[in-house]
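Residues per chain are reported as follows:
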Amino acid sequence: MSTPANPFEQLAYNISLQIMDGQIVYVGTGLPMVGAMLAKKTHAPNITLVYESGGQDPWEGPMPWSVGGAATFRRAPMTMEMAHSFAMAANGFVDIAFQGAAQIDMYGNLNTHFIGGGFWDFRSRLTGSGGGNDLSSLSENVILVGLQDPSKFPAKLEFLTSPGHLTGGNSRREAGLLGNGPVACVTQIGVMDFEPETKWMRIKGLNPGMTPEIAQACTGFELKVSEQIEHIPAPSDDILQVLREVVDPHGIFITFPPRVR
Amino acid sequence: MPSKFTYNEEALENLRIEDASILDRLIDDESFREGNLKKHRGKIDKRITLQEAVSKYVSDGDIVADTGFSYVRTPMQVFFEILRQKKKDLQFIGSPNTNQSYVAWSGCSKYSHNSYIGAEMRGTDRNYSRMVKDGRVKVLSEWSHGSMGLGFKAAQYGAPHIACKQLLGSEMLKYNPYVKLSRDPWSNEPVVLVSALHPDVVFIHCQQADRFGNAKISGPAVNDIALAYACRKVIITCEEVVPELLMRFDTKDTCIPFMIVDAVVELPFGCLPGCCPGNYYWSREWWEWLMRIGLKSDESIGDFLNYWVYNTTDQFSFIEKLIKDLGGLEYLHNLKRLEKAEEYLIEDIGVDFSYEPVIPITE
């Protein structure tokens, strides 16, 4: 028996379950990369990975440390440019893009600019958009990834960097944005999706040991609840073995608490 | 000074830009073309040293483009030389714009056109955050990677602007004077117009170039092909200068033509402590030191730069310092081995990619 999955491992597993075989997947560094590699090594061997710096379809190898690093273009048949990699999303060649953020609101809008104040009096300035806004605006489906707590899931963002469903309803389409926007939000609590009409975030599935009350306590806005909440299984021993021995053997991303800060 | 162009008023107000003329040069297509018409047409040997290139081509107040991808094929040794020569008031533009953070120290660079600052999983950049907060760095425009990339592409293709679907619904629209919300004239759907962008000066690191400036990039080009065409002054730094005949008989990866290039600098190891595809891996220890110790406070970034930049003279004296405590020439060799193995140019079985943080985590 393997040791039970830690929160990062459960998260990586849940991310992997969002990916279907044959899809083109746009990944950033960190847990989404781990989840995508896990999917490729388990139920989705025929996915193609695309990276923002221009790498696409690398030969399998070590886990990339950077979305511009060698593993993203390792023996790739061709390597492109940044403008091309986002054009792929705009032109309908990116099925899933993963996104993290400092703040996520109920409509799946994201803030990666600053926290703790406004544009001039923030407590901490963050990275900015990077490719986040591009992927949110252009990809067919966006999957949000984060560690859920009330400050990271507030009712009001301090800055709207990347659009989700904006103000809900049809507002995303009316703004002229492409794709379906966020379709899921994967956290240590479970998996949320968005109500079809209002586009408000709701609980879809819960990780082992989690309850709707815990989910709500970890959220700064009212979480809607699906009629049928799924119970997400813990990853099997076989999957944990792939995750720990093949995907991230050095525990760069799945060690809990995290090693690199 | 009156500005030459009509900017998004809301953005000027939000960004507290009183004198909008500071924004003009980045989108001045006319002066860009005039400058290009005056460029030397002939095939001449353009090789100069890095010191000469920075001295001659980087003027105080210039808009400098960050190239490569944070620390991938980014000529970090060029930024170190810009610091050594104590240039002032530079604007920095880049997607990503990671390297502005340490360059901004001591007033070398004061203005930002940003899509991203930081070093991915290595964490957020406390130095940059501090400098923006106390006004030592002023943000002049907020971007996404893709929208800025399209600004460079518009310039490359000679188009005054380009319409895109990025930035719609984002608050960045209110913090960027160079983009405008508009409607597609055919479909009437919302679009964002991005102006063509012309930074003043760019240093692009290439694996190979000839002495005239024809250059090859392997690995992701990121924005660098577009930047080579978009910028006013273009300097190629390269791992090696190869015979022109090689360029003619092996055209693979050639993406920058000599006529747009002002100077060629032979700069082996020019990306260290970042990586150069096909050549060497980044120094993970150095980046850990930078992110976790160097950027911590004003004092620490000063000490850090004194040690690594102001008390070195070029990439070789930098390397001597770097490898001194990390295992000497074997460390340098391992950087080559790691890069080539990760790209699978050499056998990777038996190559150890593991990395243990060198600074104990006590926080």
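Residues numbered from 1 in each chain as written. Chains lettered and ligands numbered in written order. Predicted model: local features only at pLDDT ≥ 70, side-chain atom pairs only at ≥ 80, totals over all residues. Heavy atoms only, no water.

When two helices pack together, you describe them by how their axes are tilted relative to each other and by the distance separating the axes. Residue and element names in this part refer to chain B. Two elements in contact, helix α10 (residues 284-294) and helix α11 (residues 298-310), have axes separated by 9 Å at closest approach and are oriented at 150°. The orientation of α10 relative to α11 falls into the category roughly antiparallel. Judged by residue contacts, W286, W289, L290, I293 and G294 of α10 engage S300, I301, F304 and W308 from α11. For the contact of α10 with α11, the per-class residue count stands at seven nonpolar, two polar and no charged. (Axes fitted to C-alpha atoms, helices over the stretch in contact; angles between N-to-C directions. Helix = DSSP H or I, 4+ residues; strand = E, 2+ residues; numbered from the N terminus. Parallel < 35°, antiparallel > 145°, perpendicular 65-115°, else oblique. Contact = heavy atoms within 4.5 Å. Nonpolar A, V, L, I, M, F, W, Y, C, P; charged D, E, K, R; others polar.)

Moving on, we come to the layout of surface pockets. All names here are of chain B. In this structure, the second largest pocket spans a volume of roughly 760 Å³. Looking at the lining of the second largest pocket, the elements with two or more residues in it are β8 (201-209), β10 (233-241), β11 (254-256) and α13 (328-342). Classifying every residue of the lining of the second largest pocket by side-chain character gives 14 nonpolar, nine polar and 11 charged. (1 Å grid on protein atoms, 1.4 Å probe; cavity = no way out; pocket = protein on both sides within 12 Å on 5 of 7 lines; lining within 4 Å. Points joined across faces, edges and corners; volume = space filled by probe spheres on them.)

Residues and elements named next belong to chain A. Within helix α1 (residues 7-17), nine of the 11 residues are buried, which leaves it mostly tucked inside the rest of the structure. Within α1, burial applies to F8, E9, Q10, L11, A12, Y13, N14, I15 and S16. At its buried positions, α1 is contacted by α2 (31-41), β3 (96-99), β8 (141-145), β9 (182-186), β10 (190-194) and α7 (237-247). Its side-chain oxygen placed 2.8 Å from the backbone nitrogen of F8, N6 serves as the N-cap of α1. (Buried < 20%, exposed > 50% of the residue type's maximum accessible area, 1.4 Å probe, protein only. Polar contact = N/O pair within 3.5 Å; in protein donor to acceptor, adjacent residues only side chain to side chain.)

With 106 residues, the main nonpolar core has A:I19, A:V34, A:F98, B:Y102, B:W286 and B:L290 as its most contacted residues. The element that contributes the greatest number of residues to this core is α2(A), accounting for seven residues. When residues no more than four places from it in sequence are discounted, the contact partners of A:V34 are A:A12, A:M63, A:L243, A:V247, A:F253 and A:I254. Among the nonpolar cores identified, the runner-up in size contains 64 residues, and B:I63, B:M148, B:M172 and B:A226 belong to it. (Core = buried A, V, L, I, M, F, W, Y, C linked by side-chain atoms within 4.5 Å.)

Attention shifts here to the interface of chain A and chain B. Contacts between the two partners involve 56 residues from chain A and, on the opposite side, 67 residues from chain B. In this assembly, chain A and chain B are joined by three salt bridges. When the shortest N-O distance is used, the salt bridge between B:D348 and A:R74 registers 2.7 Å. Secondary structure elements with two or more residues in the side of chain A that touches chain B: α3 (82-90), β7 (124-125) and α4 (132-138) of chain A. When residues in the side of chain A that touches chain B are grouped by element, the largest group, four residues, is from α4(A). Residues belonging to the side of chain A that touches chain B are distributed by class as follows: 26 nonpolar, 19 polar and 11 charged. (Salt bridge = Lys/Arg side-chain N within 4 Å of Asp/Glu carboxyl O.)

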